[in-house]
Amino acid sequence: MITLKTDKELAYMRDAGRVVAGALKEVDSAVKPGVTTAELDRLAESFIIARGARPAFKGLYGFPSTICASPNEQVVHGIPSLRVLENGDIISIDVGAEINGFFGDSAVTVPVGEVDDDTGLLLKVTEESLYVGITQAVEGNRLSDISHAVQKHVENNGFSVVRDYVGHGIGRSMHEEPQVPNFGRAGRGPRLQAGMTLAIEPMVNMGTHEVATLPDNWTVVTKDMKKSAHFEHTVAITEDKPEILTRL
Ligand code: MG
Ligand code: MG
């Protein structure tokens, strides 16, 4: 069942979203060659706790950390570690927080130092595809209008969208119905209504869309080991324009 949020519930989600956005900004500004993903995780965790919120990924299905930190060929669900980021890498950072029983979820991929042109384009197109998707998150549209718009933008630019992982409804839980794929034909799925809240999150690969999971049972990598990027916002459908909840 897709739950519609009341104004009061949306206000709590805005609070959670603001904490997530702040944590991402904090982590983003600490990304540089020489830093470890474990250091980034600690920064995010202190930031979230200092604001009276709870790191929502820690313990979720047994995940051990506050952020998912997925460099280069890692698509999503990378576990923060002593891995040192190097010039030319990219790092996807995914953060979730809960406050007053409501959740926010957002991700960005950032360059470490200087990246090559193809990699820069991957980041640009993936971020654009998120906003192209958000533009479709309006009352009266169908859910797959979002999916289709994301896929079209990505593939028009020569990249591929991951099929095995998708966006999701969010609110009182991190993952609610419906699933929000980043691919598919337009005009399908539930009709979007004011009060729905969705985490829209294109995962975009430089090469094949196929992915595999590492033996740690968490880390998702591209099958061809080429780079992958991930951008995500928690968005509310309103009677007017879509409202991005995970922003400062
Ligand atoms: Mg996320
Ligand atoms: Mg998500």
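Above: the structure in question.
Not measured: the values here are computed from a predicted model. Within any chain, residue numbers begin from 1 and follow the written order of that chain's sequence. Each chain takes a letter, starting from A, and each ligand takes a number, starting from 1, following the order in which they are written. Local features in a predicted model are, by the rule used here, given only for residues with pLDDT of at least 70; side-chain atom pairs are given and counted only at 80 or more, and totals for whole chains, interfaces and linings are based on all residues. To obtain the side-chain values, all non-hydrogen atoms of the structure were included, while hydrogens and water were left out.

(A) Representation of the environment of His230 in the model. Here His230 shows up in strand 13 (residues 228-230). Residue His230 is classed as buried on the basis of its relative accessible area, which comes to 1%. Here the alpha-carbon distance between His230 and Val138, two residues 92 residues apart in the chain, equals 22 Å. Aside from chain neighbours lying at most four places away, what touches His230 is Val75, Val76, Ser92, Asp94, Ala107, Val108, Thr109, Thr126, Glu201, Pro202 and Met203. Think of a polar contact as two N or O atoms within 3.5 Å of one another; within protein, one of them needs to be a possible hydrogen donor and the other a possible acceptor, and neighboring residues in sequence only count if both atoms come from side chains. A distance of 2.8 Å separates polar atoms of two side chains, one belonging to His230 and the other to Glu201. The secondary structure listing takes helices from DSSP runs of H or I that are at least 4 residues long and strands from runs of E that are at least 2 residues long, numbered from the N terminus. For every residue, the accessible area (1.4 Å probe, protein chains only) is compared with the maximum for its type, and the residue is labelled buried under 20%, exposed over 50%, or partly exposed between those bounds. Whether two residues are in contact is decided by their heavy atoms: any pair within 4.5 Å suffices.

(B) Focus on the coordination of the magnesium ion (ligand 1). Any nitrogen, oxygen or sulfur atom within 2.8 Å of a metal ion counts as a donor, with the limit raised to 3.2 Å for Na, K and Ca, and since water is left out, coordination shells can look unfinished. Bound to the magnesium ion (ligand 1) on the protein side are Asp94 (OD), Asp94 (OD), Asp105 (OD) and Glu232 (OE), at distances that span 2.0 to 2.5 Å. Between the magnesium ion (ligand 1) and the magnesium ion (ligand 2) the interatomic distance amounts to 3.1 Å, and Asp105 serves as a bridging ligand to the pair. Here Asp105 is found in strand 5 (residues 102-111), whereas its partner Glu232 is found in the loop between strand 13 and strand 14 (233-236), with 127 residues between them in sequence. When its relative accessible area of 1% is taken as the criterion, Glu232 is described as buried.

(C) Broad picture of the packing of helix 1 (residues 7-30) against helix 2 (residues 37-50). Where helix 1 contacts helix 2, the axes come no closer than 9 Å and their chain directions differ by 150°. Between helix 1 and helix 2 lies a crossing whose hand is right-handed. For the pair helix 1 and helix 2, the contacting residues are Val19, Gly22, Ala23, Glu26, Val27 and Ala30 in the first and Leu40, Leu43, Ala44, Phe47 and Ile48 in the second. Gly is placed with the polar residues, together with every amino acid not listed as nonpolar (Ala, Val, Leu, Ile, Met, Phe, Trp, Tyr, Cys and Pro) or charged (Asp, Glu, Lys and Arg). Of the residues that constitute the contact of helix 1 with helix 2, the class distribution is nine nonpolar, one polar and one charged. Angles here are taken between N-to-C directions and fall from 0 to 180 degrees, while the axes themselves are lines fitted to C-alpha atoms, restricted in helices to the stretch in contact. A clockwise turn of the near helix away from the far one marks a right-handed crossing, whereas an anticlockwise turn of less than a right angle marks a left-handed crossing.

(D) Spotlight on the coordination of the magnesium ion (ligand 2). Bound to the magnesium ion (ligand 2) on the protein side are Asp105 (OD), His168 (NE2), Glu201 (OE) and Glu232 (OE), at distances that span 2.0 to 2.2 Å. Mapping the donors of the magnesium ion (ligand 2) onto the primary sequence yields the spacing D-x62-H-x32-E-x30-E.

(E) Highlighting the sheet that holds strand 9 (residues 197-200). Here we have five strands laid out as an open sheet, ordered 8-7-9-14-15, and antiparallel in their pairing. For this open sheet the edge positions go to strand 8 (176-180) and strand 15 (243-244), each flanked by a neighbour on one side alone. Alignment of strand 7 (residues 167-169) against strand 8, held across three bridges, turns out to be antiparallel. Residue pairing in the sheet places His168 in a bridge with Gln179 of strand 8. Where helix 3 (residues 117-135) meets the sheet, it contacts strand 9, strand 14 and strand 15, and its direction lies at approximately 15° from that of strand 14. We call two strands paired when DSSP finds no fewer than two bridges between them.

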